[in-house]
Amino acid sequence: MAWDPLSPEQRELRDSVRELARARIAPRAAEIDESHEFPWDVVELYRENDIFGLFFEERYGGLGTGTLLALIAVEEVSKVCATSGLILAVQELGSLGVKLVGTDEQKQRWLPRLASGEWLCAYALTESGSGSDSAAMRTTARLDGEDYVLNGSKRFITNAGVAHLYTVFAKTDPDAGHSGISAFVVEADTPGFEVARLEPKMGISGSTTGELTFDEVRIPRANLLGSEGEGFKIAMRILDRSRPGVAAQALGIAQGATDYALEYAKSRETMGRPIVEHQLIQAKLADMETECESARGLLYRFGEMVDDGVDGPELTKASAMAKLKCGDVAMYCSTEAVQILGGYGYIKEYPVERFMRDAKITQIYEGTQEIQRLVIAREMAKESRAFLLAGVA
Ligand SMILES: Cc1cc2nc3c(=O)[nH]c(=O)nc-3n(C[C@H](O)[C@H](O)[C@H](O)COP(=O)(O)OP(=O)(O)OC[C@H]3O[C@@H](n4cnc5c(N)ncnc54)[C@H](O)[C@@H]3O)c2cc1C
């Protein structure tokens with residue numbers, strides 16, 4: 001039985017998401033993976049059951065139930081289908097810019113449509129020449145009268161072609177480095193905006209990942225988020241809050257793989273007994289379960305911190321630690337699950353090879369594991385633990 005810090009009301013909501021995932025999404029998961037088609041039926045299921053509402057405040061049509069529960073919803077869905085879990089995580093990622101720095105007018109204009117799921121959204125930071133080094137971006141935005149005019153392209157954007165609202169980062173002052181970047185909202189039907197292509201991928205096959213192009217895209221000045229030049233800070237603040245969504249997706253994959261391997265190990269017999277009675281298999285299962293619980297501790301702690309109003313460097317570090325740990329645990333547990341199933345783990349009839357392919361991306365997007373380590377170490381370097389050196393000559 002996993003550790004559970006939820007209130008009875010939160011537990012009820014968690015259980016209804018869990019039930020929905022098991023009854024309605026699990027039977028579709030293999031098909032979504034094989035078809036490589038975006039699962040609009042899952043979006044419709046989320047709309048009908050107000051699942052997008054978990055990510056939004058009540059005043060914008062959401063449920064206002066907080067970050068911890070939203071992360072748990074991503075985890076529950078990802079236990080059975082990582083593509084479907086990602087749809088929820090990206091609704092948070094793509095809307096965070098408006099939530100964090102949007103004016104009242106901007107929030108009223110966009111958040112209710114995102115809270116109901118009428119519109120999906122996306123976050124467009126990465127370009128072909130700038131991933132980890134996002135400040136090296138080349139997309140530009142120039143002010144022309146009351147409009148900004150965007151030119152350039154973005155690569156690897158989740159929800160490309162299915163989102164209606166894109167949070168886009170572009171240089172308003174190309175010579176000013178980090179402080180020359182600004183953040184904008186671009187609606188999908190704006191002339192000059194196009195999805196140039198979609199990428200075939202190793203995993204999360206039902207999710208679209210695409211290239212966006214901006215050719216003299218004219219958007220009203222009212223679509224600027226925050227002030228000119230604040231875009232890099234906004235991008236990083238968003239990632240602080242959104243990375244745990246990927247961590248929740250990763251933890252769901254890890255726990256889903258562990259649960260499947262456990263049940264399989266109880267039913268598969270070798271040398272006259274179920275493999276769950278062989279000590280080497282027991283050791284694997286014990287390590288997988290322990291890793292999941294330790295990852296869950298970091299993830300849920302992050303959710304509780306946000307719900308308690310914590311912000312700033314402490315949150316940055318907690319977010320990076322949750323993403324780092326959960327991503328590595330997803331890869332570890334899904335690989336071990338394949339091993340526990342032996343040859344059956346490697347074939348598509350069983351879900352664990354899908355879990356393993358889906359797990360890999362959680363170590364890459366929203367900042368690679370290497371970048372998370374840089375973030376954690378940078379925050380550590382600012383902390384003082386000098387008392388430990390007292391008395392050392
Ligand atoms: C399926 C998918 C979905 C994605 N969705 C989105 C999205 O919705 N929005 C978006 O903006 N982006 C998205 N991305 C982009 C993703 O965030 C980037 O791919 C990722 O941040 C890494 O950037 P890169 O691919 O340019 O790798 P690079 O930055 O070129 O890194 C290459 C390697 O070098 C390492 N490295 C880089 N710099 C350092 C350093 N300073 N120290 C040590 N190691 C370093 C990296 O960890 C990596 O191992 C997505 C990518 C994929 C594949």
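Remember, it's a predicted structure, so these values are computed and weren't measured experimentally.

> I'd like to hear about the site of the ligand, residue by residue, with values.
For the ligand, the set of nearby residues contains 17 residues, the closest of which are Thr126, Ser132, Phe156, Thr368 and Glu370. Residue Thr126 places a side-chain N or O atom 2.6 Å away from a nitrogen atom belonging to the ligand. Contacts to the ligand include Glu366, whose backbone N or O atom sits 3.5 Å from an oxygen atom. Broken down by element, the shell around the ligand gets its largest block of residues, three residues, from strand β3 (residues 147-158).

> Break down the pattern of salt bridges for me, citing the residues and quoting the values.
In the structure shown here, the tally under the stated rule is 33 salt bridges. Taking the shortest distance from any N to any O, the salt bridge between Arg47 and Glu44 comes out at 3.0 Å. On the criterion of helical spacing, the pair formed by Arg47 and Glu44 is a turn pair, its members being three residues apart in helix α3 (residues 40-48). Residue class for Arg47 comes out partly exposed when judged on its relative accessible area of 27%. Here Glu199 and Arg197 are joined by a salt bridge, their closest N and O atoms 3.9 Å apart. Of the residues examined, Glu199 reaches a relative accessible area of 16% and is grouped as buried. Residue classification places Arg197 among the partly exposed residues on the basis of a relative accessible area of 37%. What you see here is one network of salt bridges that share partners, running through Asp33, Lys348, Glu353 and Arg357.

> For the nonpolar core, give the residues involved together with the corresponding values.
Grouped together as the largest cluster of nonpolar side chains are 100 residues, with contacts concentrated most on Ile25, Tyr46, Leu88, Tyr123, Phe169, Leu299 and Ile340. Ranked by residue count, the leading element in this core is helix α7 (residues 231-267), at 16 residues. Dropping the residues within four chain positions of it, Ile340 is found in contact with Ala261, Tyr264, Ala265, Ile275, Ile281, Lys284, Leu285 and Met288. Core analysis: the second largest hydrophobic core is formed by 19 residues, Ala141, Phe184, Leu212 and Phe214 among them.

> Which residues make up α7, and what are the values?
If you check α7, its first and last C-alpha atoms are 54 Å apart, about what 37 residues at 1.5 Å a residue would give, namely 54 Å. Of all the bends in α7, the largest measures some 35° and sits at Asp240, one to four residues before the proline Pro244.

> How would you sum up the packing of α7 against helix α8 (residues 279-307)? Please name residues and give values.
Closest axis-to-axis distance for the α7/α8 pair is 9 Å, and the angle between their directions is 155°. Viewed along their axes, α7 and α8 adopt a mutual orientation that is roughly antiparallel. At the point where α7 passes α8, the crossing takes the left-handed sense. Residues of the contact of α7 with α8, tallied by class, amount to 17 nonpolar, two polar and four charged.

> Quick rundown of the pairing of strand β1 (residues 121-124)? Include the residues and the values.
Here β1 shows two buried faces, one formed by Cys121 and Tyr123 and the other by Ala122 and Ala124. The pairing of β1 with strand β4 (residues 165-171) spans four bridges and is classified as parallel. Within β4, the residue paired with Tyr123 across the bridge is Thr167.

> Help me get a handle on a nonpolar patch on the surface, residues and values and all.
Taken together, the side chains of Tyr344, Tyr346 and Ile347 present a nonpolar region at the surface, about 340 Å² in accessible area. Tracing the chain through its elements places Tyr346 in helix α10 (residues 343-346).

> How would you sum up helix α1 (residues 8-25)? Please name residues and give values.
For α1, built from 18 residues, the straight-helix expectation of 26 Å at 1.5 Å per residue is met to within 8% by its first-to-last C-alpha distance of 25 Å. Within α1, the full set of buried residues consists of Gln10, Arg14, Val17, Leu20, Ala21 and Ile25. Around the axis of α1, the buried residues are gathered within 120° of arc, so they sit on the same side. With respect to the buried face of α1, the exposed residues turned more than 90 degrees away are Pro8, Glu9, Glu12 and Arg22. Next to the buried residues of α1 lie α2 (29-35), α3, α4 (67-78) and α5 (82-101).

> Lay out unusual backbone geometry with the relevant residues and their values.
One non-glycine residue, Met271, lies in positive phi territory at about 50°. Structurally, Met271 is set in the loop between β9 (269-270) and β10 (273-274). Positive phi is not limited to glycine here, since Glu366 has a value of about 55°. Structurally, Glu366 is set in the loop between α11 (352-361) and α12 (369-382).

> Lay out the packing of α5 against α7 in plain terms, naming residues and giving numbers.
At a minimum axis separation of 9 Å, α5 and α7 run at an interaxial angle of 165°. In this view, α5 runs roughly antiparallel relative to α7, as classed from their interaxial angle. Where α5 crosses over α7, the two elements pack in a sense that is right-handed. Here α5 contributes Ala82, Leu86, Ala89, Leu93, Leu96, Gly97, Leu100 and Val101 to the contact with α7, which in turn contributes Ile234, Arg237, Ile238, Leu239, Arg241, Ser242, Gly245, Gln249 and Ile253. Its residues assigned to classes, the contact of α5 with α7 shows eleven nonpolar, four polar and two charged.

Reading the values: rules and limits
Residues numbered from 1 in each chain as written. Predicted model: local features only at pLDDT ≥ 70, side-chain atom pairs only at ≥ 80, totals over all residues. Heavy atoms only, no water. Near = heavy atom within 4 Å. Polar contact = N/O pair within 3.5 Å; in protein donor to acceptor, adjacent residues only side chain to side chain. Helix = DSSP H or I, 4+ residues; strand = E, 2+ residues; numbered from the N terminus. Salt bridge = Lys/Arg side-chain N within 4 Å of Asp/Glu carboxyl O. Buried < 20%, exposed > 50% of the residue type's maximum accessible area, 1.4 Å probe, protein only. Core = buried A, V, L, I, M, F, W, Y, C linked by side-chain atoms within 4.5 Å. Contact = heavy atoms within 4.5 Å. Expected span 1.5 Å × (residues − 1). Bend = angle between axes of the 7 residues up to and from the residue. Axes fitted to C-alpha atoms, helices over the stretch in contact; angles between N-to-C directions. Parallel < 35°, antiparallel > 145°, perpendicular 65-115°, else oblique. Left-handed = near helix turned anticlockwise from the far one by under 90°. Nonpolar A, V, L, I, M, F, W, Y, C, P; charged D, E, K, R; others polar. Pairing = 2+ DSSP bridges. Patch = residues over 30% accessible without salt bridge, like charges linked within 9 Å, V, L, I, M, F, W, Y side chains within 5 Å. Areas by Shrake-Rupley, 256 points an atom, 1.4 Å probe, with all protein chains shown as cover. Arc of directions from axis to C-beta.

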